[in-house]
Amino acid sequence: MLAKKRKFSGHTPTWCPGCGDWAIGGAIKEALANQDLDPSGVGVVFGIGCSGNMNDFLNAYAYHALHGRAIPTAVGLKLANHSMPTLVIAGDGDTYGEGGNHFFHACRGNHDLTIIVHDNGVYGLTTGQVAPTALKGTISKSTPTGIIERSVSPLAFAISQGATFVAQSFAGDIPHMREMIELGMKHKGLSLVNVLQPCVTFNRVNTYQYYLKKSYRVGADYDPSSYAGALVKAIEMDEEKFPLGVIYQTASQPYHEQVPAYQQDKPLVQIPRISTLHDLVEEFR
Amino acid sequence: MKFNWIIGGEAGFGIMTTGLTFSKIVSRSGYHLLDYVEYPSLIRGGHNAYKVTIDSEPVHALKETVDVLVCLNKATFELHKHELTSDSVVVYDNEEFEIEKGFKEIHVPFKKILREEQGQSIMKNTIALGASIATVGGDLQMLVDMIESQFKKKGEQVVAYNKLFVKRGYDSVVQNYKKLCRPVIAPNPKPNEQLVMTGNDAFALGAVIADCKFYCSYPMTPSSSVLTTLASWQQKAQMTVRHAEDEIAVINSAIGASHGGVRASVGTSGGGFALMVEAISLAGIAETPIVVFLSQRPGPATGMPTWTEQGDLLFAVHAGHGEFPKIVLTPGDVEEMIRLTAEAFDLADIYQTPVIVMSDMFLSEAHSTVSSTDVNGLFSTMKPNRGKTVMNPTDRPYLRYKVSDDGVSERLIPGAKGHFYQANSYEHGEDGHTSETAEDRKAQVEKRNRKQLTYLKHHFKMPTIYGELKSAQTVLVCWGSLKGVCLEVLKEQKDIAVIHFTHTYPLDQKRLQALFNNAAKYVLVEQNSTSQLGQLLRQQAGINIEKSILRYDGRPMTASEIINQIC
């Protein structure tokens, strides 16, 4: 297991000591190794930010995309080669701010991606401005009198827009993260794993202690298949209560299986050039 | 002899379909054509006019006077009477309205026929089609056959109904106006191998020929029909076409698909392209092949969506922050669009950088004839050249951005066992890892820049010269769709030559300067207000052309306005 995990290790991370990214990175590698994958068999698209910097620390067929655009890049990658499990690793600013429109539509499309969001409430790489996940009133360099907007509600948003697997985890709990990532990857369709991640350098509010106090695991009696129940659970976040676990899951055919040229055993990249133009040309006669 | 037919009427009543059917009959009869639609940016209301110029040889430009004007309403007559001559025939229903005297008249009783056959007003088009075919000496059976195949899916009743109206229109002309009918498209006995298509159709077909497997777009006039055409071909062409949420998603999805190993392309107009620009720069540094179809319309901003302009050349050339190589191709007609589109996919793969294929509303939407033998020939002779794209790398460890003499490194399609790498939007070292060292930065900048030199050496094509450059007194210099109108001038005037650019960026200064050393008067002919090719020639090749003929009112340039300004 350790050897399998080590295959995924790239350069030594440059994250701050104590940053939640260390644990998330470890959990991702464990989840991949646990599924018997190796770096040749995984596609990862990274966003821009501290989380995206994992591109140098995690071995895979990767694309370090533009800020906000990791999701559409991954959508294209998956459609080109659906045989490769495809992850998106990005931050909350990237996914819910700059790339909000893409996130919304990727949920609608039920693209078969596992999106791991590092939800830390701040823009760490640009030294600590508020993210869209920051609580209303949060004071930061870009909001010296407190952010006026309320925070986004990522789980409720994803569920209501068509994501078919929505989970939440906490960067202080590697086994739980690994489990959520694995479940998300095994799920066919769009899976979101929102990871509550303390930024020890710039976020003085959402600390490890804060999440330990305010988060809880959903119990065995919780039913993630209920759409209405999941929404009720998801909006607890608006009251600073953070449920951990699979919040919502439903079965629905993923996007790539519904495109007209889909062949189960032959991804687009392996489909040869057509052999005649005759049918197409006839339209113009 | 060129012959011009126009049909006009209220928008939303089928003028476009009628016009295209007329064009196809012209082609099937063995003649060449160029057609053009004028329409406002509305679904209903306003005026539509469909103009078809017919000739026995390839048509480069629309004829400026009208031989047959079919008026489905009075506005058509009023809007087009300045294009009429005393020989022109006006087809209309004198029960509906009257027109000024001075032209030849064919009265088709649209109203009466509709009444008698209990037809809906949209059938007026069908009657007009029959009447038109009669007026230009076409074959009624050919039209009937076409209607049968067009409406087959809707059932026999619909077919019979349409045939009835076509025949009524045809008969009313043949029976009463035999003398005014001219054998313009009398069927040519030679077997017909022609196709009728627009520049947008040509891009779609070129993409399929090149084995493009992923096309992504967000509808934007005048590029939208590439999306709808390719979407309808997904099974036949074995490709995936995605209408994404916005142009940013469009190009990033295509870049993702291209990284995945398939040939990928996007299409848009200026406003959508503006949203794509950051990702053009991404494709530049990550060295991901991408083909962008950019069909121009008059800007800035929303501008005039359904009219034509060449206002985005410098925007395309300079698109993207930072410095990286890029190739801009500007085909001049439908045939060149097919060929250069297929070439664009090769260039994107060979140089692993963005290639932009430019069109404009005129080229994108005007139909013209191309030889199906040529199209099929291109399909069978073209073997996609993927350059240094590999399924398995030559060296171990594999270095995605290995510094090379030609600036191009092996691009491994993700999935090969035993390897992995990252394509990186950050500056990087040879292995793809992020690097900010001065050495890596310099090495990668220089490597990317070398691709441009390699391109100029191996794939840049000099502009095409039409006419005799040595003896010409006036040399027209143009790019893109202005080729047609310049060739028309060449046909009509003595001592003219035309220089037409298809490989418009980057330019090879040394080789180009030799074309501009003559004593002739060089004149830029462009569909914009600031002579953008002129600016580019100054910047890229040190060539300064003082005189320019520019049009920027959204209407296509005419040969006569060029002739008036050079004589």
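On a predicted model such as this, the values are computed, not experimentally measured, just so you know.

**Student:** Would you take a moment to explain the overall build of chain A for this structure?
**Tutor:** Secondary structure summary: chain A contains 10 helices and 10 strands in total. Against the globule reference of 19 Å for 285 residues, chain A gives a C-alpha radius of gyration of 19 Å, in line with a compact fold. Taken along the three principal axes of its C-alpha coordinates, chain A extends 65 × 45 × 40 Å. Relative to its full complement of 285 residues, chain A shows a buried share of 53%.

**Student:** Can you walk me through helix α7 (residues 174-186) of chain A in this structure?
**Tutor:** Counting along an α-helix, one turn takes 3.6 residues, and residues three or four places apart therefore face a common direction. Residue and element names in this part refer to chain A. Taking 1.5 Å of rise per residue, the 13 residues of α7 would be expected to cover 18 Å, and the 18 Å separating its terminal C-alpha atoms lies within 8% of that figure. The complete set of buried residues in α7 reads Met177, Arg178, Glu179, Met180, Ile181, Gly184 and Met185. Buried-residue contacts for α7 involve α2 (20-34), β4 (114-119), β7 (165-170) and β8 (191-196).

**Student:** For this particular structure, what's the right way to read the domain arrangement of chain B?
**Tutor:** By a frequent convention, interface size equals the accessible area lost on bringing the separate parts together. In terms of domains, chain B is made up of domain 1 (3-180), domain 2 (197-381), domain 3 (389-458) and domain 4 (464-566). Using C-alpha coordinates to define each centre, domain 3 of chain B is positioned 39 Å away from domain 4 of chain B.

**Student:** Help me understand the sheet that holds strand β10 (residues 263-268) of chain B in this model?
**Tutor:** Strand pairing within a sheet occurs via backbone hydrogen bonds; the two strands may be parallel or antiparallel. Residues and elements named next belong to chain B. Across the sheet, which stays open at both edges, the 7 strands sit in the order β9-β8-β10-β11-β13-β12-β21 with mixed pairing between neighbours. Each having just a single partner strand, β9 (240-243) and β21 (503-505) make up the two edges of the open sheet. Neighbouring strand axes in the sheet, compared pairwise and without regard to direction, differ in orientation by 25° on average. As defined by bridge partners, strand β8 (residues 212-217) adjoins β10 across 5 bridges and the pair is classed as parallel. Bridging across to β10, Ser217 finds its partner in Gly267. The sheet contacts of helix α8 (residues 224-232) involve β8, β9, β10 and β11 (290-296), and relative to β9 the element is tilted by about 135°. Of the strands in this sheet, β8, β10, β11, β12 (327-329) and β13 (354-360) touch helix α13 (residues 334-351), which is tilted by about 160° from β13.

**Student:** Please explain the interface of chain B and chain A as it appears in this structure.
**Tutor:** Contact residues are listed per partner, giving 58 residues for chain B and 43 residues for chain A. Listed by contribution, the elements that provide at least two residues to the side of chain B that touches chain A are β7 (194-198), α7 (199-209), β8, α9 (234-237), α10 (247-259), α11 (270-286), α15 (372-381) and β17 (422-424) of chain B. Of the residues that constitute the side of chain B that touches chain A, the class distribution is 30 nonpolar, 20 polar and 8 charged. As paired strands, strand β2 (residues 61-64) of chain A and β17 of chain B are joined by 3 bridges and run parallel to one another. In the strand pairing of β17 of chain B, His64 of chain A is matched with Asn424 of chain B.

**Student:** Explanation requested: the pairing of β8 of chain B in the structure shown.
**Tutor:** Successive side chains on a regular strand alternate, one facing one side of the sheet and the next facing the other. Residues and elements named next belong to chain B. Of all 6 residues in β8, 6 are buried; the element is thus mostly enclosed. As paired strands, β8 and β9 are joined by 4 bridges and run parallel to one another. Paired with Ser217 across the strands is His243, a residue of β9.

**Student:** Which parts of the structure should I look at to understand the nonpolar core?
**Tutor:** Across soluble globular proteins, nonpolar side chains have a tendency to be buried as a group. Ranked by size, the top nonpolar core spans 238 residues in total, and within it Val88 of chain A together with Val91, Phe214 and Val525 of chain B carry the most contacts. The contacts of Phe214 of chain B, once residues within four sequence positions are left out, are Gly76, Leu79, Ala80 and Leu268 of chain A together with Met239, Thr240, Ala254, Ala257, Val262 and Ala264 of chain B. If you look at the next biggest cluster of nonpolar residues, it comprises 10 residues, including Trp15, Cys50, Tyr123 and Ala134 of chain A.

**Student:** Before we go on, may I ask you to explain the pairing of β11 of chain B in this structure?
**Tutor:** Residues and elements named next belong to chain B. The element β11 is largely enclosed, with a buried count of 7 among its 7 residues. In β11, alternate side chains face the same way, and those of Ile290, Val292, Leu294 and Gln296 on one face and Val291, Phe293 and Ser295 on the other are all buried. Regarding the hand of the β-α-β motif, the stretch spanning β10, α11 and β11 is right-handed. Strand direction decides the pairing type here: β11 and β13, joined by 7 bridges, are parallel.

**Student:** Honestly, the packing of α7 of chain B against α8 of chain B in this entry has me stumped. Any pointers?
**Tutor:** Helix-helix packing: each pair is described by the crossing angle between the helix axes and the interaxial distance. Residues and elements named next belong to chain B. In contact at an axis separation of 8 Å, α7 and α8 are set at 45° when each is read in the N-to-C sense. In this view, α7 runs oblique relative to α8, as classed from their interaxial angle. In the packing of α7 onto α8, the handedness of the crossing is right-handed. In this structure, α7 uses Asn200, Asp201, Phe203, Ala204 and Ala207 to contact α8, whose residues at the interface are Ser225, Val226, Thr229 and Leu230. Residue composition of the contact of α7 with α8, by class: 5 nonpolar, 3 polar and 1 charged.

**Student:** How do you make sense of the confidence of the model for chain B when you look at a structure like this?
**Tutor:** Caution applies to low-pLDDT regions: their predicted coordinates should not be interpreted in detail. With 99% of its residues at a pLDDT of 70 or more, chain B shows a mean pLDDT of 96. Both scores are available for the predicted complex, with the pTM at 0.97 and the ipTM at 0.98.

**Student:** How should unusual backbone geometry be read in this particular structure?
**Tutor:** A negative phi angle characterises most non-glycine residues, just as the trans form characterises most peptide bonds. Residue Thr221 of chain B is joined to Pro222 of chain B through a cis peptide bond whose omega torsion reads 0°. Take Pro222 of chain B: it is sitting in the loop between β8 and α8. Note the cis peptide between Tyr505 of chain B and Pro506 of chain B, where omega equals -5°. Note that Pro506 of chain B resides in the loop between β21 and α18 (509-513). With a phi close to 70°, Thr127 of chain A is a non-glycine residue in the positive phi region. Its place among the elements puts Thr127 of chain A in the loop between β5 (122-123) and β6 (129-130).

**Student:** Got a minute to help me understand the environment of Tyr215 of chain B in this structure?
**Tutor:** Tracing the backbone through its elements, the reader meets Tyr215 of chain B in strand β8. Along the sequence, Tyr215 of chain B and Gln194 of chain B sit 21 residues apart, while their C-alpha atoms lie 27 Å from each other.

**Student:** Sorry, what's going on with the environment of Ala274 of chain B here?
**Tutor:** Residues and elements named next belong to chain B. Relative to the assigned elements, Ala274 resides in helix α11. With 17 C-beta atoms packed within 10 Å, Ala274 lands in the partly exposed category. Counting along the chain gives 27 residues from Ala274 to Glu247, while the straight-line C-alpha distance between them is 8.8 Å.

**Student:** What exactly am I supposed to notice about the packing of α7 of chain B against α13 of chain B here?
**Tutor:** All names here are of chain B. At a minimum axis distance of 8 Å, the contact between α7 and α13 shows a crossing angle of 30°. Viewed along their axes, α7 and α13 adopt a mutual orientation that is roughly parallel. For the pair α7 and α13, the sense of crossing is right-handed. For the pair α7 and α13, contact is made by Gly199, Ala202, Phe203, Leu205, Gly206, Ala207 and Ile209 and by Val334, Met337, Ile338, Thr341 and Ala342, respectively. The residue inventory of the contact of α7 with α13, partitioned by class, reads 9 nonpolar, 3 polar and no charged.

Quick notes on the rules
Residues numbered from 1 in each chain as written. Chains lettered and ligands numbered in written order. Predicted model: local features only at pLDDT ≥ 70, side-chain atom pairs only at ≥ 80, totals over all residues. Helix = DSSP H or I, 4+ residues; strand = E, 2+ residues; numbered from the N terminus. Rg over C-alpha atoms; globule rule 2.2 N^0.38 Å. Buried ≥ 20, exposed ≤ 12 C-beta atoms within 10 Å, placed from the backbone. Expected span 1.5 Å × (residues − 1). Contact = placed C-beta atoms within 7 Å. Domains from an automatic or database assignment. Pairing = 2+ DSSP bridges. Axes fitted to C-alpha atoms, helices over the stretch in contact; angles between N-to-C directions. Nonpolar A, V, L, I, M, F, W, Y, C, P; charged D, E, K, R; others polar. Core = buried A, V, L, I, M, F, W, Y, C linked by C-beta atoms within 7 Å. Right-handed = clockwise from strand over helix to strand, strands pointing away. Parallel < 35°, antiparallel > 145°, perpendicular 65-115°, else oblique. Left-handed = near helix turned anticlockwise from the far one by under 90°. pLDDT = per-residue confidence, 0-100.

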